[in-house]
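What follows is the residue order along each chain.
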Amino acid sequence: MSFDSIPILDLSLAKDPTTKPEFLNQLRHALLEVGFLYLKNYGIPEEITQAVIKEGVAFFDLPMEEKLKIEMQNAPSFLGYSRLNAEITAHSIDHREQIDLSTDHPVRSPSQPLYRNLFAPTQWPSPSHLPNFKPTFSQYIERMGKISIYFTSLIAEAIGLEGSAFEKYFDEIQQHKLKIVKYPDLKELGLWKEGDLLTEGQGVGPHKDSMFTSYLLQVTEHKGLQVQNLQGQWIDCPPINGTLVVAIGQGMEALTQGVCMSTTHRVLSPSPGTGARFSVPFFQGVSLDTEFDELNKVGVGKIPEGIKEMRRQVVVRNGGRLDDVEFTFKSGGSARTLGEATLRNRVKSHPDVGERWYPEILADIRAVQKREREEAEAKEKGNDTTVSATSEVPVAGLGQAVEAH
């Protein structure tokens, strides 16, 4: 039987030698069987969390002309403000408004790879309107960066590796990213009116996170985040006070040869009249210069066979792995490095930015999507939906790796 709830882990247990083994056992279960977990006592003071919530919600109250001054389309970095309905996931529009922030880096030089455009100064809102916004989120990103790298060392230990196994995949000045997201309710979106049957709205479509780990602060009490288990069922991941929701990304799954599970998830729009859902997901960065060949042939070292067998048994026990999103972080495709794959995923999610800054990449993506649709239609007509019982990754789907929640 696949998971039907999300485990809650207490990070303070990892810092006490007497309780650390218990924590690592709990973490190993979450990594191999769920790919998601709640994390409490994670080390951010409550006053910082409340400042993040206050400043984040206040951003969306700015006049539209102020938000458009820092619109994502302004720069090739995919940092900045995105209007409502500007992003696409799983070939459908996401009904959300958001701003993408990052660790500040200098602008790419002409000699650097194109994906280095992703490293850039953040487009911050004007301090004349939100004087505390930049200092609040700069501090939060810095603190969460340290927490995420520490947590990654615990992942390594939980699967039988040295705690330092992932360190070579972090830059000296590592870029981390963060979003502040507003999901309007169905009534505000105009997708429901009195007398209508209640329908689902896509806050963000089915996807997997792209890199190592992400950490979601659910600001409001709305349900909406759902995680797909190995049997294809959607499991609610409601807000729990004092926790972050941790998701394992495709980069971590690839690097651990499928041992750590990257799980498909989505967000549904809030019910009519319940107000907007707000969330603040933090995305741990890794070195974008990392090559897939190195990941596959060298990687983090040899994971103990006993751990790998535990993961194989999870898949077999559930009759194979069934979820709705393709595994895009792998060798043999059009991308040679994590940076190239990440850039393609960003263009795929934000075609408006792609049209302005990356038209050739966008054209190639659209050609691939057209082939995928044609192949999916052909398979559907032929009812070709076989799933391997021992496959470590999905064999079908039209989703993608994105940064969401």
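Preceding block: the structure.
A brief structural summary. If you're wondering where the values come from, they're calculated on a predicted model, not measured in any experiment.

1. Quick notes on the sheet that holds strand β3 (residues 80-82)
Spatially, eight strands are ordered β1-β2-β12-β9-β14-β7-β6-β3 in an open sheet, and the strand pairing comes out mixed. Of all the strands in the sheet, just β1 (8-10) and β3 have a single pairing partner and so form its edges. Put simply, the sheet's adjacent strands are angled 25° from each other on average, direction ignored. In terms of strand pairing, strand β9 (residues 213-218) meets strand β14 (residues 277-283) through five bridges, oriented antiparallel. Looking across to β14, one finds that Tyr215 is bridged to Phe282. With respect to the sheet, helix α4 (residues 133-158) is in contact with β2 (36-40), β6 (97-102), β7 (177-183), β9, β12 (243-248) and β14, its orientation differing from that of β9 by roughly 130°.

2. Observations regarding unusual backbone geometry
Phi is positive for Asn41, close to 50°, though the residue is something other than glycine. Note that Asn41 resides in the loop between β2 and α2 (46-59). Residue classification places Asn41 among the partly exposed residues on the basis of a relative accessible area of 43%. Its identity as a non-glycine residue notwithstanding, Gln257 has a phi of 55°, on the positive side. Note on placement: Gln257 falls in the loop between α6 (250-255) and β13 (265-268). A residue is classified by how much of its surface remains accessible, and Gln257, at 38% relative accessible area, is partly exposed.

3. A few points about the pairing of β14
With seven of seven residues buried, β14 lies mostly within the body of the structure. The alternating pattern of β14 places Arg277, Ser279, Pro281 and Phe283 on one face and Phe278, Val280 and Phe282 on the opposite face, and all of these are buried.

4. A short note on the pattern of salt bridges
As enumerated under the stated definition, the model contains 17 salt bridges in all. With a closest N to O distance of 3.1 Å, Arg346 and Asp100 form a salt bridge. In this pair, Arg346 sits in helix α9 (residues 338-349) while Asp100 sits in strand β6, placing the two residues 246 residues apart along the sequence. For Arg116, the salt bridge identified is with Asp289, shortest N-O distance 2.7 Å.

Criteria and thresholds
- Residues numbered from 1 in each chain as written.
- Predicted model: local features only at pLDDT ≥ 70, side-chain atom pairs only at ≥ 80, totals over all residues.
- Heavy atoms only, no water.
- Pairing = 2+ DSSP bridges.
- Helix = DSSP H or I, 4+ residues; strand = E, 2+ residues; numbered from the N terminus.
- Axes fitted to C-alpha atoms, helices over the stretch in contact; angles between N-to-C directions.
- Contact = heavy atoms within 4.5 Å.
- Buried < 20%, exposed > 50% of the residue type's maximum accessible area, 1.4 Å probe, protein only.
- Salt bridge = Lys/Arg side-chain N within 4 Å of Asp/Glu carboxyl O.

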